[in-house]
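Report on the structure
Chain by chain, the residues run as shown.
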Amino acid sequence: MNRSTAMARVRYIGPAPVTVPELGDRVVQPDEVVEVPDVRFEGYVCQTTNWKAVEEPGPPAQDAAAAQKKSTTKREA
């Protein structure tokens, strides 16, 4: 999945493989790390017996772009 679409990462810690409809019916294996949409991150990690956070959602794309622009702007002496 493309990181430009704002993806977070979670690890499946359940005991057996599961099919995740939200990920296109993908089968996720125990201890596998998958990318999920930032907006759905909380829906995974609130299920503490099945999912663990690996990489939390980043700042919204608009804020990230503004931060990048600000950090690359030349400062006047």
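Structure first, text after, so check above.
Residues numbered from 1 in each chain as written. Predicted model: local features only at pLDDT ≥ 70, side-chain atom pairs only at ≥ 80, totals over all residues. Heavy atoms only, no water.

Points about the overall build of the protein
- Along its length, the protein carries 2 helices and 5 strands.
- The order of helices and strands in the protein, counted from the N terminus, is β-β-β-β-α-β-α.
- With 77 residues in all, the protein has 22% of them scored as buried.
- Summarising the internal contacts of the protein: among those between residues at least 6 apart in sequence, 48% fall at separations of at least 24. (Helix = DSSP H or I, 4+ residues; strand = E, 2+ residues; numbered from the N terminus. Buried < 20%, exposed > 50% of the residue type's maximum accessible area, 1.4 Å probe, protein only. Contact = heavy atoms within 4.5 Å.)

A closer look at the packing of aromatic side chains
- Applying the stated criterion across every chain, the model contains 2 aromatic pairs.
- A ring pair is formed by Tyr44 and Trp51, whose centres lie 5.0 Å apart and whose planes are at 90 degrees; its orientation type is edge-to-face. Residues Tyr44 and Trp51 agree in their burial class; the two are buried.
- Here a set of aromatic residues connected by ring pairs shows up, and it is made of Tyr12, Tyr44 and Trp51. (Phe/Tyr/Trp six-rings, centres within 6.5 Å; stacked < 30°, edge-to-face > 60°.)

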